[in-house]
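# A closer look at the structure
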Amino acid sequence: MNLFNFLGHLFIFALRINNNYSFSIDVSFFQYGVVMQITNMDSFFYSDYMPHGHCYMWQPHILWTNVIADLLIAAAYFSIPVALMVFAKRRPDMGYQKVVWLFSLFILCCGITHLFGIITIWQGLYGWHGLLKSMTAIVSISTAIYLYRILPTLITISTPKQVEGIKQKLNSISQERNQLSMQIEQQKLVQFMLDSMPIGACLLNKNLEVTLCNDTFYQDTAIKKGDEVGLPLFSLISSTDSEGVQTLTSLVKNIEKGNSNALISKIIVQLKSVNGKTFPAEIRLARKVFNECDYYIFTAQNQTEMTDIKYQLFESNQKLQRAIDATEDGLWEYTIENNSISWSHRFNELIGANDKTPTIEVWKEHVHEDYVDSVIEKLKSAFNANKRFSIEYLGINSKGEFGWFNLIGKTTLNELKEPVTISGSLSYIQDSKALKRQVAEKTELLNAIYEGANNSIWVVAVEKTKQFRFLLFNRAASEKLGSKPENIAGKRLLEIDNNVLSKTVVNKLTDHLQACVDIKSISEYTEMIPMDGQPCWYHTSLYPILENGNVVRIVGSSIDITSQKDIELQLNENKIFLENILDSSICAASLFDLTIQKTTKINQRFTDILGYNIEEINTPENRLNLYHSEDLNKISTHIEVVIQSPLNTSHSIEYRYRHKNGDWRWCRTYTSIIKRDANNNPLIMLTTFIDISEQILLLDSLQESNAYLERFAMVASHDLQEPLRKIVTFSGLLSDTLENQYDLDDDSKYQFDRIKDAANRMRVMITDILGLSQISSFSVHRTKTELRDIIASAQDQLQLVIEDSGATITIKNGETLLNVDKSLMIQLIQNLIGNAIKFKSEQLPLISITAENTEYSTKIVIKDNGIGMESKYCKQIFEPFKRLHSKDKYQGSGIGLAICQQVCKVHSGSISCSSKIGVGTTFTITLPN
């Protein structure tokens, strides 16, 4: 009610303003038995007036009759505006929209008034009811006024009969207009169709002059629209194409004669455009009658593009043919319908068909019999499949030998999905087959190496985040870490369990990998990694794999060098041990590098003997003054001999070194080359020496003593031999005198003979002792002599003895060279041959002399068939004056074998004996090479 009161007050306020007057309403009514007096505007919207139902005495039949009637009227009033609005919207061509709106508003207000009449039955809102009726009145009057204003116009509206007549007339006009429009559209379509045709078309009159043409003709001839009218047909043909003019003239004549074949004839002529260019064209000419007039239809199809296409097709075909001829593959095509096959010349060469006609049987003959059925079966299965297939088989090649081929093809299907043809190529894959086999074998080998290698091998991927992810991990690496490859592959380095790789190891490995990424080249390093509490040494190589200049993967390989490190430690310990030994040795040692001409290493004994250290020995002044000037020539010769000698061949020499304090030291030096390069050039020379200064002094003293003794022996032998000569001489004179004066008996003669014999033996003994004393190393003069020359000289001196005894001497390997003192060796051989003859058996003496060469020495074996002796005496016989038999039975001084031993000794050799009684004796002489 408050809303209605507010609207009522608003309405009254508006009336007051517009009409400039005020009014009051005095209402007296009874409400619930009370009289109320209202004199202001509030009474207009007062709601406590007596309801209208009191007028009906609240009789239901009267009340509801009015209520239902008002509801139905209101419903009708509300539906009528809706219908009017729908009509106005759907028929905007009818006009008079304002009338429709006014009638709709008028009827709507009437419906609202009826609804409010129902409300007043129970509520006394008569002021509001009056306002709604006033509004309805205003709309009604406005509608009536507007209706009268347009009434003249409404009267002029045609009747339905008039409208029907007009409609019929309009329909007739519309049909005529539509027919004309259709004809115009058809004409436009025809012209559009002609202009869209890729063929130039012209309409010629009976004089063969152009009357009409399409856009294609304009484009081809470059004629402007309008200039074509009246243009003669023959003026379009190039003047140079006389043959085309004649052909066209003949065609026109045939058409005029009515030749039906001429209507469908086509000829090629050279047409010209207005800009002077010519082009080939395929033309047709036909005569037609239209509206009793003769016309010619002239069409010209520009063949320029067709010519270009033909040329391109020809070039393309030539390129394709060149490609087919150049390729190593043969091309083929099989037509299923007629069971025929065709192939290229290269195909023919590959299968060795020798220009036979292509047939299935010819191809089958080329396939190995073991593969024919399987290949045919595979081809049949490929017929219905629109997929590329590949078949490998064994067949005869161009050389008539079996080789591997690869047949490739694809089936072509028609619209019904049925196979029509199969096309493809044939490749000779014998070489590629072998190469694949080699690649497979190498791949298998590499996999075997990868998995079977004792080296740890892995591959990591380098991520953009500077992280490293394991891709591969071989067996050796897994065993070293004690983890399966699947537990490591695919994981980042930082994701590896600490039990597998400690954090320290991971950090070190990350640094090494990042360094490899930075330098983009192979990186190698050696480090110690604790494994199970034990130090393990590994040598690791990192090989980067680059793409576009960036490292994307790294291949790592680690070698367990723990044992090598242990060996290096042992070698180092051994080196120190050997250095200690060398330093403690009595021999000085030095290594001289011949390439840089410097001493690179000396031992402690070197410094002890000469006083120099390694730096001092290499100073220029010391290198020049280290050797005595008198020894320089023989030192130079000695070094040349050493350089020319084989590796590790030692040569000795004695010369003087200058001590640091200036003294000269005699040293016995042994020099050898211990290292050479690939060209056998000497690199390192080893020199060892001992200080023999004291020995040299002693030797000098010994030589002086020996010289004195030798002079004494000469004098003594001379003094001893003089009395012996007198004894022999006077005993002989005495024997002769007594024999002349007295008749001596046999005993006396025997005694005189004993005196002479004793004196002669004494003289021989003194001579032998003198000879023995003179044999020494200082008196040896070595020369290279063949053994047979020495034996020949000994035989010459024993010639009478040999002949008397009938001895036979055989020599084996007599050409053997001996580096000896020839005179001493003759004396040696002579003594041994003489002993063999002296101690002969009942048999004739047989003496064999054999030489045997070994790596380090030469052996001379002298064997006889004499009486022999017990083996216990084999050493004693070399002692001076040692005799095994009486001097009466075997003459001699007993010094011969002692002389033999001394000769061998001064040659740094030896002599030995082996014997057996009744068999013979063998002497073996050993001389160093």
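Values in this document were obtained by computation on a predicted structure and should not be read as measured data.

## Remarks on the overall build of the protein chain
On a plain count of helices and strands, the protein chain comes out with 26 helices and 29 strands. Across the protein chain, every contact between residues at least 6 apart in sequence was considered, and the portion connecting residues at least 24 apart equals 51%. Per element, the accessible surface of the protein chain, about 58500 Å² overall, is 56% carbon and sulfur.

## What about the environment of Lys-378?
Looking at where Lys-378 falls in the secondary structure, it is placed in helix H12 (residues 372-383). In the structure, Lys-378 is positioned 12 residues away from Ser-390 in sequence and 9.3 Å away in space, judged by C-alpha atoms.

## Thoughts on the sheet that holds strand S19 (residues 598-602)
Spatial ordering of the open sheet is given by S19-S18-S22-S21-S20, a layout of five strands whose pairing is antiparallel. The two strands at the open ends of the sheet, each matched to only one other strand, are S19 and strand S20 (651-658). Across this sheet, the average inter-strand angle for adjacent strands is 35°, counted without regard to direction. When strand S18 (residues 588-593) meets strand S22 (residues 682-691), the two strands line up antiparallel, connected through six bridges. Across the sheet, Ala-588 pairs through a bridge with Phe-689, a residue of S22. In the packing of helix H20 (residues 632-644) onto the sheet, contacts are made with S20, strand S21 (664-676) and S22, and the angle to S20 comes to roughly 140°.

## Quick notes on the packing of aromatic side chains
By the definition in use, this model includes 12 aromatic pairs. Ring centres 6.1 Å apart and planes at 80° place the aromatic pair Trp-363 and Tyr-393 in the edge-to-face group. With Trp-363 in helix H11 (residues 360-366) and Tyr-393 in strand S10 (residues 388-396), this residue pair connects regions lying 30 residues apart in the sequence. Exposure remark for Trp-363: the relative accessible area of 6% places this residue in the buried category.

## Observations regarding the side chain of Asn-397
Note that Asn-397 resides in the loop between S10 and strand S11 (402-413). When its relative accessible area of 6% is taken as the criterion, Asn-397 is described as buried. At 3.0 Å, the side chain of Asn-397 forms a polar contact with the backbone nitrogen of Lys-399. Polar side-chain contacts of Asn-397 include one of 3.0 Å to the side chain of Tyr-428. Beyond its immediate sequence surroundings of up to four residues, Asn-397 is in contact with Leu-350, Ile-351, Gly-352, Phe-405 and Tyr-428.

## Structural notes on the confidence of the model for the protein chain
Mean pLDDT over the protein chain stands at 79; residues scoring 70 or higher make up 84%. Within the model, the stretch residues 1-39 combines pLDDT values under 50 with 57 contacts to residues more than four positions away or in other chains.

## As for the environment of Asn-338
Inspection of the secondary structure assignment puts Asn-338 in the loop between strand S8 (330-335) and strand S9 (340-343). It is 10.0 Å that separates the C-alpha atoms of Asn-338 and Val-420, two residues lying 82 residues apart in sequence. Within the structure, Asn-338 has its side chain in polar contact with the side chain of Ser-340 (distance 2.6 Å).

## Topic: the nonpolar core
Core analysis: the biggest nonpolar cluster contains 41 residues, and Leu-828, Leu-832, Ile-849, Ile-860, Ile-911 and Ile-925 have the highest contact counts within it. For this core, the elements supplying multiple residues, two or more each, are helix H23 (787-797), strand S25 (817-820), helix H25 (822-838), strand S26 (846-853), strand S27 (857-863), helix H26 (896-906), strand S28 (910-916) and strand S29 (920-928). Of all the elements, H25 adds the most residues to this core, at nine residues. Counting 25 residues, the second largest nonpolar core, distinct from the first, contains Ile-223, Ile-237, Ile-267 and Tyr-296.

## A closer look at the pattern of salt bridges
The full count for this structure, using the stated rule, is 16 salt bridges. Measuring nitrogen to oxygen at the nearest pair gives 3.5 Å for the salt bridge that ties Asp-691 to Arg-665. One end of the pair, Asp-691, is in strand S22; the other, Arg-665, is in strand S21, with 26 residues separating them in the sequence. Here Asp-691 falls in the partly exposed class, since its relative accessible area comes to 26%. One salt bridge connects Glu-786 with Arg-788, and the closest N-O pair in it is separated by 2.7 Å. Members of the salt-bridge network, linked through shared partners, are Glu-630, Asp-631, Lys-634 and Arg-656.

## A closer look at the environment of Thr-113
Residue placement: Thr-113 occurs in helix H3 (residues 97-122). By relative accessible area, which is 13% here, Thr-113 ends up buried. With 22 residues separating them along the chain, Thr-113 and Met-135 place their C-alpha atoms 9.5 Å apart.

## Points about the pairing of S27
Most of S27 is tucked away: five of the seven residues are buried. Alignment of S26 against S27, held across six bridges, turns out to be antiparallel. Within S27, the position partnered with Ile-849 by the bridge is Ile-862. Hairpin connection from S26 to S27: three residues lie between these consecutive antiparallel strands. Summarising the sheet, S27 and S29 pair through seven bridges and their orientation is antiparallel.

## Focus on the sheet that holds S27
The five strands lie next to each other as S24-S26-S27-S29-S28, forming an open sheet whose pairing is mixed. At either end of the open sheet lies a strand with only one pairing partner, and these are strand S24 (808-812) and S28. The mean inter-strand angle of the sheet, taken between neighbouring strand axes irrespective of direction, is 15°. The strands touched by H23 are S24, S26 and S27; relative to S26, the strand with the most contacts, the crossing angle is about 155°. Contacts between H25 and the sheet are confined to S24, S26, S27, S28 and S29, with S29 contributing the most and set at about 170° to the helix.

## Brief notes about helix H15 (residues 503-519)
Given a rise of 1.5 Å per residue, 17 residues ought to cover 24 Å, and the 24 Å separating the end C-alpha atoms of H15 matches this to within 8%. Taken together, the buried positions of H15 are occupied by Val-505, Val-506, Leu-509, Leu-513, Cys-516 and Val-517. On an axial view of H15, the arc spanned by its buried residues comes to 110°, and they lie on one face. Turned more than 90 degrees from where H15 packs its buried face, Lys-503, Asp-511 and Asp-518 sit exposed. On the buried face of H15, the contacting elements are strand S13 (456-462), strand S14 (468-473), strand S15 (523-531), strand S16 (534-547) and strand S17 (550-560).

## Remarks on unusual backbone geometry
Although it is not a glycine, Lys-520 sits at a positive phi angle of roughly 55°. Along the chain, the position of Lys-520 falls in the loop between H15 and S15. One non-glycine residue, Asn-648, lies in positive phi territory at about 65°. Mapped onto the fold, Asn-648 is located in the loop between H20 and S20.

## Some thoughts on the side chain of Thr-921
On the secondary structure map, Thr-921 appears in strand S29. The class for Thr-921 is buried, based on a relative accessible area of 8%. There is a polar contact of 2.8 Å between the side chain of Thr-921 and the side chain of Ser-915. Those residues within four positions of Thr-921 in sequence are excluded, and the remaining contacts are Ile-862, Lys-863, Asp-864, Gly-868, Met-869, Cys-913, Ser-914 and Ser-915.

## Overview of the packing of H3 against helix H4 (residues 126-149)
Between H3 and H4, the shortest axis-to-axis distance is 9 Å and the interhelical angle comes to 160°. Relative to H4, H3 is oriented roughly antiparallel. The two elements H3 and H4 cross, and the hand of that crossing is left-handed.

## Some words on the packing of helix H2 (residues 60-90) against H3
Relative orientation and spacing of two packed helices are given, respectively, by the angle between their axes and the distance between those axes. Contact pair H2 / H3: the axes reach a minimum separation of 8 Å and the direction vectors enclose 160°. As judged from the angle between their axes, H2 and H3 are roughly antiparallel. Considering the relative orientation of H2 and H3, their crossing is left-handed. Its residues placed into classes, the contact of H2 with H3 shows 24 nonpolar, four polar and one charged.

Scoring rules and cut-offs
Residues numbered from 1 in each chain as written. Predicted model: local features only at pLDDT ≥ 70, side-chain atom pairs only at ≥ 80, totals over all residues. Heavy atoms only, no water. Helix = DSSP H or I, 4+ residues; strand = E, 2+ residues; numbered from the N terminus. Contact = heavy atoms within 4.5 Å. Areas by Shrake-Rupley, 256 points an atom, 1.4 Å probe, with all protein chains shown as cover. Pairing = 2+ DSSP bridges. Axes fitted to C-alpha atoms, helices over the stretch in contact; angles between N-to-C directions. Phe/Tyr/Trp six-rings, centres within 6.5 Å; stacked < 30°, edge-to-face > 60°. Buried < 20%, exposed > 50% of the residue type's maximum accessible area, 1.4 Å probe, protein only. Polar contact = N/O pair within 3.5 Å; in protein donor to acceptor, adjacent residues only side chain to side chain. pLDDT = per-residue confidence, 0-100. Core = buried A, V, L, I, M, F, W, Y, C linked by side-chain atoms within 4.5 Å. Salt bridge = Lys/Arg side-chain N within 4 Å of Asp/Glu carboxyl O. Expected span 1.5 Å × (residues − 1). Arc of directions from axis to C-beta. Parallel < 35°, antiparallel > 145°, perpendicular 65-115°, else oblique. Left-handed = near helix turned anticlockwise from the far one by under 90°. Nonpolar A, V, L, I, M, F, W, Y, C, P; charged D, E, K, R; others polar.

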